[in-house]
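# Topology and contacts: notes
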Amino acid sequence: MKVAWITGAARGIGLATAQRFLAEGWAVALLDIEEALLARSIAAIDLPERTLALPGDVSDPAVVEAAAAAIRARFGRLDALVNNAGVAVFGPILQTTLEQWRRVMEVNLTGPFLTGQAAAPLMAESGGGAIVNITSISGLRASTLRVAYGTSKAGLAHLTKQQAVEFASLGIRVNAVAPGPVDTAMAQAVHTPDIRADYHDAMPLNRYGLERELASAIFWLASAEASYVTGQVLAVDGGFDAAGIGLPTLRGQRRNL
Ligand SMILES: NC(=O)c1ccc[n+]([C@@H]2O[C@H](COP(=O)([O-])OP(=O)(O)OC[C@H]3O[C@@H](n4cnc5c(N)ncnc54)[C@H](O)[C@@H]3O)[C@@H](O)[C@H]2O)c1
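Notes on the structure in this doc start here.

## Details of unusual backbone geometry
Positive phi outside glycine occurs at aspartate 46, with the angle close to 60°. Note on aspartate 46: relative accessible area 57%, which makes it exposed. Backbone geometry at leucine 145 places phi at a positive 70°, although glycine is not the residue there. With respect to the helices and strands, leucine 145 occurs in the loop between β5 (129-134) and α5 (147-167).

## Describing the site of the ligand
Neighbouring the ligand are 31 residues; Arg11, Asp32, Asn84, Tyr149 and Thr184 lie closest to it. At 2.9 Å, a backbone N or O of isoleucine 13 approaches an oxygen atom of the ligand. The side chain of aspartate 32 places a nitrogen or oxygen atom 2.6 Å from an oxygen atom of the ligand. At the level of secondary structure, the elements contributing two or more residues to the shell around the ligand comprise α1 (12-23), β2 (27-32), α4 (98-125), α5 and α6 (185-190). Per-element accounting of the shell around the ligand gives the leading share, three residues, to α6. When its residues are assigned to classes, the shell around the ligand shows 16 nonpolar, nine polar and six charged.

## Side note on the packing of helix α3 (residues 61-75) against α4
For the pair α3 and α4, interaxial distance at closest approach is 9 Å and the crossing angle is 20°. Judged by the inter-axis angle, α3 sits roughly parallel to α4. In this structure, α3 meets α4 at a crossing whose hand is right-handed. Where α3 approaches α4, its residues Pro61, Val64, Ala68, Ile71 and Arg72 are matched on the opposing element by Leu114, Thr115, Ala118, Leu122 and Glu125. A class-by-class count of the residues in the contact of α3 with α4 yields seven nonpolar, one polar and two charged.

## Some details on the packing of aromatic side chains
Scanning all chains against the criterion turns up six aromatic pairs. With centroids separated by 5.0 Å and ring planes inclined at 75°, the aromatic side chains of phenylalanine 21 and phenylalanine 219 adopt a geometry described as edge-to-face. Separated by 198 residues along the polypeptide, phenylalanine 21 in helix α1 and phenylalanine 219 in helix α8 (residues 211-222) bring together distant segments of the chain. Chaining the aromatic ring pairs together yields one cluster made of Phe21, Trp26 and Phe219. The ring centre of tyrosine 208 lies 4.4 Å from the NZ or CZ of arginine 196, which sits over that ring.

## So, the pattern of salt bridges
Side-chain pairs of opposite charge can arise whenever the charged atoms involved come near each other. Applying the stated criterion across every chain, the model contains seven salt bridges. Residue aspartate 57 pairs with arginine 103 through a salt bridge whose shortest N-O separation is 3.0 Å. In this pair, aspartate 57 is assigned in the loop between β3 (51-55) and α3 and arginine 103 in helix α4, connecting sequence segments 46 residues apart. Residue classification places aspartate 57 among the buried positions, given a relative accessible area of 18%. We classify arginine 103 as partly exposed; its relative accessible area is 29%.

What counts and what doesn't
- Residues numbered from 1 in each chain as written.
- Predicted model: local features only at pLDDT ≥ 70, side-chain atom pairs only at ≥ 80, totals over all residues.
- Heavy atoms only, no water.
- Buried < 20%, exposed > 50% of the residue type's maximum accessible area, 1.4 Å probe, protein only.
- Helix = DSSP H or I, 4+ residues; strand = E, 2+ residues; numbered from the N terminus.
- Near = heavy atom within 4 Å.
- Polar contact = N/O pair within 3.5 Å; in protein donor to acceptor, adjacent residues only side chain to side chain.
- Nonpolar A, V, L, I, M, F, W, Y, C, P; charged D, E, K, R; others polar.
- Axes fitted to C-alpha atoms, helices over the stretch in contact; angles between N-to-C directions.
- Parallel < 35°, antiparallel > 145°, perpendicular 65-115°, else oblique.
- Left-handed = near helix turned anticlockwise from the far one by under 90°.
- Contact = heavy atoms within 4.5 Å.
- Phe/Tyr/Trp six-rings, centres within 6.5 Å; stacked < 30°, edge-to-face > 60°.
- Lys NZ or Arg CZ within 6 Å of the ring centre and 35° of its normal.
- Salt bridge = Lys/Arg side-chain N within 4 Å of Asp/Glu carboxyl O.

Quick look at the structure:
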């Protein structure tokens, strides 16, 4: 039985991804800082023989080391790591505190660095595996309010390439998925009505993505179907990264300026 380790798996895109791997017959280790929510989500999944709860902060090296040891003890192997845990702080550069900057960097960028170090030797023991890092369209194109978040995700996109190059010799492929907006708790916290309207104006598919649409791309990159794909960032974003100006005019729906 193949084994996946998914961070930030108690809700949102991470939980949908855990459910997808489970539906494909994998075992899943779910790590999340929200211990009670994680326990509730795993109880709702109700597959105790194929799930492992790993409560803790992904930016804490001791937590990450203990998580890898728990996966080894319980399943004896690791085939996929999905670095999905992330935090978003939106604010202008001049109002972003050093504390906010540091927290976003340590969760979104240091976390995947640590889990990659912990996961790669375990994956290599059974011939290799795949890592999927969850970045963001905010790491592909700069925007207002995202100095810490966008910069952390751009850093994660580069970490993806570093890991892909170095881990290839261990049989490990490393790719990233850059989601467009998805209506999760995170988006509800930081997407104001204006931001939501801006997104629609910039997205050819003219809608938010669904958690399961992200899970689909993540699972594909982790699976043998993507066996020759490594070092890539796949935007799953309704066309956001492809588009420039002009969509509202094309649609005949210019917003009042
Ligand atoms: N929702 C969007 O619009 C969107 C867009 C682009 C990228 N993303 C990225 O997708 C990923 C998932 O986002 P989501 O929308 O499902 O968010 P979410 O807030 O619903 O879920 C994130 C999960 O990560 C957990 N988490 C946060 N900090 C953690 C830490 N230090 N250690 C362990 N777990 C931690 C949270 O408890 C939560 O369960 C994130 O990396 C996010 O940046 C989301």
